[in-house]
Every structure is written in C-alpha cells, then in structure tokens.
Amino acid sequence: MNSPASQFTGHARTVTRDLRHRHLIQTALGKYEIIRDRRKAAFQDWNAARQAAAETKYEALNHLDQYLEEFVSKLEARGTIVHWAGDAASAREIIVGILRDRNARSVIKSKTMTAEEIHLTEALESAGVSVVESDLGEFIVQLRREAPYHLVFPAMHLTRGEISDLFTRELHSAPTDSPEELTMIARRALRQKYLAADAGITGANFAVAETGMIAITENEGNARLTAAMPKLMISLVGIEKILPRLEDLALFLPMLATTGAGQALTGYNSLYGGPRQPGESDGPEEFHVVLLDNRRTELLADAEQRDALHCIRCGACLNVCPIFRNVGGHTYGTTYSGPIGSVITPHLRGLQDWKHLSAASSLCGACTEACPVKIDLHHHLLQNRRNAARQKPRRLEQLGWKIFGVIVGHPWLYAIARFFALAAQPFHALFTGSRVDPARAWTNSRDLPPVARQNFKHWWRHRS
Amino acid sequence: MSDREKILGRIREALAVPAPPPGHAQEGREHPASQARRWLPAVGESFDEQIALFRANAKDLKADFHLLANHDDLAPRLRQLSQAEGWKRVAGHRGELSRVACDALNLPVLFTDQSYDPPALEACDVGITECDALIAQTGSVLVTSRSAGGRAASVLPPHHVVIACRDQLLPDLPAAFDLVKRKYQPNYPSFISLITGPSRTGDIERILVLGAHGPKKLTVFCF
C-alpha cells in the first residue's frame, strides 16, 4: 500500500481539505503573482527574453561535453579540484571522502536542491559529520526533520506561530509572533556556526564554461558566508547547470529573480572561480566542485524531453500549478515537486513508480506559459503518460476502450447501450458511492451526470 | 574508464539524436543572450537618468544612497553616520578611497586585505569597502575579492558601507559583465558578486525581513 502513487493519493486527500494550509499557500502565492507580474512588465520584451534564454540553454546542452570540459579546465587551472560523480552514491562517497581526509567534523550548508536529491545530509550525519542548514527556510525544515516544501520557499507551509513554537522547543528562545525576531533568533544561532565550521557545502545555480566559475543566487548572504568563512568549500553541481558565456548571466540572473520571487535581481548573485588566490586575504584554502550526472544523461538522451534540462529551478511552474496549489509540496514525495518534478522524476527515479505524477495534472498549460526557459512542460506530462502505457500496457483498460470504440462506432449498438443506461440509472441511485458501486472511483467525490433523455440527433430533428 | 570519461561518453551518445530547437528559434542566431539589452528593463542614456534610476532602485531595496557634491563631503558624512550608530570598530581595506574613509573615523580599523582574524571581523560594526561598479538598472553594487577587501568584509559586519565615484555608474547588467571581462580577464578574482540591497529573507510567511545573515544595512556613498 505504500507505493509512491498511494502515498500521493492519500496525502493529497488530506492536504486538499486542510483549510489552514490552503489559506497559507493561496496568500503566499497570491502575493507572489502580483510582484512577479510587476517585474515581468518592467522588461522591454519578456517573451523575446524567454526565447533567448531557451536558445542559450539549448545551445549549452547541444555542446554539453565541450562546455563541461571548458568549465573544468578553467576551474582546474586556478586550483579547484573537480570530481565527476556518475550517480548519487558516488557523489556522497566523494564528499564524505573529502571531509574524512581532512578530518572535517562540522559542515555549514547553504541551500542546494541537488544535495537534497542525493540525500547528502543523511550520508554526512551517518559518517559522523554534523550538518547545519544556513538558509532560514532550510534551517526551519531541518529542525522539523522535514524535506523542503518548495524549490524556492522551503518553509512556505508554516505559520510564524509554528516556527516560534519550533524555535522555543529546539533553540530555547522566547516565543514571539514577529517574523523579524524569529529571523534574528536564527541569525544568532547560525552566526557562530559559520566561524566554527570545518567545511562549507553549496550548490550552484549556474556553471559558466567560459570563465570556469559557479554562480550562486541567494537573498540572505548565507551562501556568501558559507563560501567565505570555512577553510574548505565543496560545491555540488548538476551537469546541466552549464551556461556558455559570462554575459549570459546578464539575461539569466534577472529572469531567475523575476520568476523565482518577483525581484528585479536577487540580493546576492556571486561567482566563485577558485579557492583563495595568491594575494587574496580570505576564502577557502581548498575548493572542490563535484559534477553530478545521476541520470541527467538519460534525460538528455530523450530528445523529445531534453529541454527539461533547461530548468533553472525558479519554481515558477509550481507557483502557478493548480495541482501544486491544492496538494502542496510534500504530497509529491519527491525532491523536485510541481510540474517540473512530475516531468523529471520519472526519468531520475523510474517511470513506472512515478508515472502517477504525470496523471496529476489538468493539462492547463499554466506551467509551460510560466517557464522562463520555455520547457514544454504540459506536453512532457502527456509524453510520460504515453511512454508509461507503452512500456507497461494495461490490458483491461485497453479492452475497455476497444469495447467503447465498437459501441460508439455503431449507432444501433449505441442506442441499445443508451436504453440500458437509462433503465439502470434509477437503480444506480440506490447504491451510488457505496462499496458495490461499479462507478465508485468517480462517484466517491463527484456526481455522475444523468444519461440524456434524448440524443443529439433527436434534439436536432425536433428543435423548434 | 574514469567517471569523467563515462559521463562524457554518455553525453556524446545522448546527443547523437538531435532535439528540435525551442519555440520559434531563428536559424543560425548565435549567442542569443548577447542582445539582452534589448529585452531587459529599459535604462535612460544620460548620467542624470541613470543616477535617478539607481536612487529609485536603492530606495525600493531599502538601501541608503547618498550622492555627494565632492570627495571632501565623505569624511563628515561618515563621521555623522558613525556617531548616529555608535560604531566602535571598523573593517576596511587599503584601497585609495576606503583607506581615506577609515582614517576619517578615528576608530580602530581591521584591514581585511591581508589575512585577518575572522572573529575580529565579526566583532566590527561596519565594513567599509570600495566597489567595481554601481548598476543603475537594478540598484546593484558590483564587488570582487580584489576591489572590496576579500570575500567577507562586505557580508559579515551588520552594516556595509560602499564608497564609489560617479564614473563607476554603469547602465545595466550587460555593461557590468562586460566590465568584469575587460578589467580582469584572464586573471579573474576568485569571488565576484552583485550586491542588490541589504541581506533579506521572506522565508517566514513571505514577509520581508532585512539582515537575515548578511548586513542589515547597506549604504552607498557616491561622489
């Protein structure tokens, strides 16, 4: 019973009926929409910018091998140690190994979904390394021993009251209902961690091939401190993060800020091109970049859905998705939730186990329209459904459609079917929604429309 | 075969099947992002328009921006700020402008352009740095580990004061990355950052709070 699909359905049923949750999400995303639209309107041509961003990512992926080699050789030339990890286990092993060799016992981490993807924190903790999340939202969900709720807003599902209770319990702070005071409690708790940590671990938003730099986008300054204070810095980077040229950032950074959080530009957009260089006064003595494949190359091999690797993880598709807004982030049970998660998770974790995500869609296309890099999200959901059915056909369902096809293809058969349906409907009302109802899957939460008294042909002939 | 060769091999194999170009791609258009200026938010051409835009953006970001008549105004303005906030210790670096600024305060100064004690920097009330550029389009300050006394001086103390001069004002982001390339290529600083307002978070109920981990205040003096 605990398959990902039944987990999803069960979770969705509870969350959609949780009024407190609905209110919280609708308010937050309502605010987001207003400021995002204001920022989009400030662009001279938002759609041309999207097209250029999509073409840039398309070009980056089409020459991914060359750009990765350029990226790596530029990084290595300035003293960065680059590692290649084929899968999650090997990435975990590499990172645990780096820390073990340098006897690093404490890690400060800045927000990275890629580390969530490979379950890095668990691996570090079981290797005896203490890990502290430094992004405020991530710090909150870490204290709750929970996964992030949203790609960009990890603690969006919590009220200030719940956060205050959490801090009181875990950090022994005085209760407060001021978001500012709560932020300051976290700031104080984390300040000393930066200075004491043996290593800092970050992700990357972009990897610039031309200059061999990773780019990190953040608002709080926690990633900057993570990259400035500890002696050792490790960045985990998905191979699809490549951008060919430095000036590409002039387009991507404001677009990410606009669709991510409705900002003109995110608070800090920082580039790191190596460890502390000769003549520099601070920064890590050692800088490691771990490049992660973890089945990204399988998605790359699917030419039809290759553009899913354009994703810059802005979360725009989640924010506009009627499914996400109703079932919430945790229901998905995946690292990447919302439409982009539903598209890529079957590729990253297996189609048959995760195909239900592609069915959880109204195919309204709001995600595709919101995407700053023009990923054809809602069509990819359809393709996932098609691929799943092709890979593992459902004979009974096929038979059902075949019978339906025969009936609607023959008017006399259709007339007989309608006659029986009309005759049976009054009796159906006696057990609608009960255990013996054959239409239970539908009638559980919906009304079954009555069979029409007359068919269209009849109506047409007798219209006045 | 190493992991590197395996991954690169898988990439080459995957790319053997071409994917259709996105949207209405124009055939043969190279470096599409190089024309970003045509689509990004508009910026006026004159200095006055650009400085007005920077000022408006700074206000929106809750950063303080002061355009000074000349260099002599800097010392009294800094002393004023220092008294108002009760600064006791200052972090800075030995750049021409930041040096003058630090000297004007008559306070103990921690210089961060040579190796320093991190807890001592943490104890400073303010970090006074120079910058590479101010960007009108976004109200951002461009800093690097070379221009702003390392990585931490502009993020660890609770107040970051930037000293810039008028000719450092750039119109937009493409100009900023162009400057980085012209100024530093191929020997780039290990850290380059666009600072856009003081440190902020909206992680609790999407309500804006300043000073999440970095500076609670950002002040820009431009003369």
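Details of the overall build of chain A
Counting its regular elements, chain A contains 24 helices and ten strands. Its C-alpha atoms put chain A at 90 × 55 × 45 Å along the principal axes. Here chain A holds 464 residues, and 49% of them are scored as buried. Sequence separation of 24 or more characterises 72% of the internal contacts of chain A that already satisfy a separation of 6 or more.

Things to note about the nonpolar core
Formed by 180 residues in total, the largest nonpolar core has its most connected members in A:Ala207, A:Phe252, A:Val290, A:Cys317, B:Leu134, B:Ala176 and B:Val220. Of all the elements, helix α12 (residues 249–261) of chain A adds the most residues to this core, at nine residues. Three or more residues apiece are contributed to this core by two domains, here domain 1 (1–41 + 314–392) and domain 2 (43–294) of chain A. Those residues in contact with B:Leu134, other than ones at most four positions away along the chain, are B:Phe54, B:Val141, B:Ala164, B:Gln168, B:Leu169, B:Leu170, B:Val220 and B:Cys222.

Quick notes on unusual backbone geometry
Geometrically, the link from B:Gln185 to B:Pro186 is a cis peptide bond, its omega value of 0° lying close to zero. For A:Asn103, which is not a glycine, the phi torsion comes out positive at approximately 55°. Looking at where A:Asn103 falls in the secondary structure, it is placed in the loop between α5 (88–101) and β2 (106–109). A tally of 7 C-beta atoms within 10 Å means that A:Asn103 is categorised as exposed. In this structure, A:Arg145 takes a positive phi of about 50° despite not being glycine. With respect to the helices and strands, A:Arg145 occurs in the loop between α8 (136–143) and α9 (160–171).

Some points on the sheet that holds strand β2 (residues 90–92) of chain B
All names here are of chain B. Strands sit in the order β1-β12-β7-β4-β2-β3 across an open sheet of six strands; the sheet is parallel. Lying at the two open borders of the sheet, with one neighbouring strand each, are β1 (64–67) and β3 (109–111). Within this sheet the neighbouring strands show an average axis-to-axis angle of 20°, counted without direction. Pairing of strand β7 (residues 159–164) with strand β12 (residues 217–222) involves six bridges; the strand directions are parallel. Across the sheet, residue His-159 finds its bridge partner in β12, namely Lys-217. Contacts from helix α3 (residues 74–85) reach β1, β7 and β12, with the element oriented near 165° to β12.

A closer look at the domain arrangement of chain A
Residues and elements named next belong to chain A. Partitioning chain A into structural domains gives domain 1 (1–41 + 314–392), domain 2 (43–294) and domain 3 (399–461). On a C-alpha basis, the centres of domain 1 and domain 2 stand 23 Å from each other. With 22 residues of domain 1 at the contact, the number on the domain 2 side is 27 residues. Secondary structure elements with two or more residues in the side of domain 1 that touches domain 2: α2 (19–42) and α14 (316–320). No other element matches α2, which puts eight residues into the side of domain 1 that touches domain 2. Taken together, the residues that form the side of domain 1 that touches domain 2 break down as twelve nonpolar, six polar and four charged.

Structural notes on α2(A)
Residues and elements named next belong to chain A. Relative to the 34 Å expected for 24 residues at 1.5 Å per residue, α2 spans 35 Å between its end C-alpha atoms, a close match to the ideal helical length. Turning to α2, its buried residues number three or more, namely Ile-25, Leu-29, Tyr-32, Arg-36 and Arg-39. Check the buried side of α2 and you find it contacts α12, α14 and α15 (322–327).

Description of the interface of chain B and chain A
Across the contact, 75 residues belong to chain B and 82 residues belong to chain A. Those elements that place two or more of their residues in the side of chain B that touches chain A are α1 (3–14), α5 (118–122), α6 (173–184), β9 (191–195) and β10 (200–201) of chain B. Among the elements that line the side of chain B that touches chain A, the one with the most residues is α1(B), at ten residues. Of the residues belonging to the side of chain B that touches chain A, the class tally is 37 nonpolar, 21 polar and 17 charged. Alignment of strand β9 (residues 268–272) of chain A against β9(B), held across five bridges, turns out to be antiparallel. Each residue of the ladder has a partner; that of A:Leu271, found in β9(B), is B:Ile192.

Thoughts on the environment of A:Asp282
Here A:Asp282 lies in the loop between β9 and β10 (286–292). Along the primary structure A:Asp282 and A:Ala228 are separated by 54 residues, whereas in three dimensions their C-alpha atoms are 6.6 Å apart. Apart from residues lying up to four places away in sequence, A:Asp282 is in contact with A:Ala228, A:Arg276, B:Thr112, B:Gly150, B:Arg151 and B:Ala152.

Notes on the sheet that holds strand β8 (residues 169–170) of chain B
Sheet architecture is open: eight strands sit in the order β8(A)-β5(A)-β6(A)-β9(A)-β9(B)-β6(B)-β5(B)-β8(B), paired in mixed fashion. One side of each edge strand has no neighbouring strand; the edge strands of this open sheet are β8 (242–243) of chain A together with β8 of chain B. The sheet strands contacting α6(B) are β5 (133–135), β6 (140–144), β8 and β9 of chain B, and the helix crosses β5(B) at an angle near 160°.

A short note on the packing of helix α3 (residues 46–62) of chain A against α12(A)
Residue and element names in this part refer to chain A. Direction vectors running N to C along α3 and α12 enclose 120°, while the axes themselves pass 10 Å from each other. When the axes of α3 and α12 are compared, the pair comes out oblique. Crossing of α3 over α12 shows left-handed handedness. Across the interface between the two elements, Ala-49, Ala-52 and Ala-53 from α3 touch Leu-251, Phe-252 and Met-255 from α12. In terms of residue class, the contact of α3 with α12 is made up of six nonpolar, no polar and no charged.

Each value, and the rule that gives it
- Residues numbered from 1 in each chain as written.
- Chains lettered and ligands numbered in written order.
- Predicted model: local features only at pLDDT ≥ 70, side-chain atom pairs only at ≥ 80, totals over all residues.
- Helix = DSSP H or I, 4+ residues; strand = E, 2+ residues; numbered from the N terminus.
- Buried ≥ 20, exposed ≤ 12 C-beta atoms within 10 Å, placed from the backbone.
- Contact = placed C-beta atoms within 7 Å.
- Core = buried A, V, L, I, M, F, W, Y, C linked by C-beta atoms within 7 Å.
- Domains from an automatic or database assignment.
- Pairing = 2+ DSSP bridges.
- Axes fitted to C-alpha atoms, helices over the stretch in contact; angles between N-to-C directions.
- Nonpolar A, V, L, I, M, F, W, Y, C, P; charged D, E, K, R; others polar.
- Expected span 1.5 Å × (residues − 1).
- Parallel < 35°, antiparallel > 145°, perpendicular 65-115°, else oblique.
- Left-handed = near helix turned anticlockwise from the far one by under 90°.

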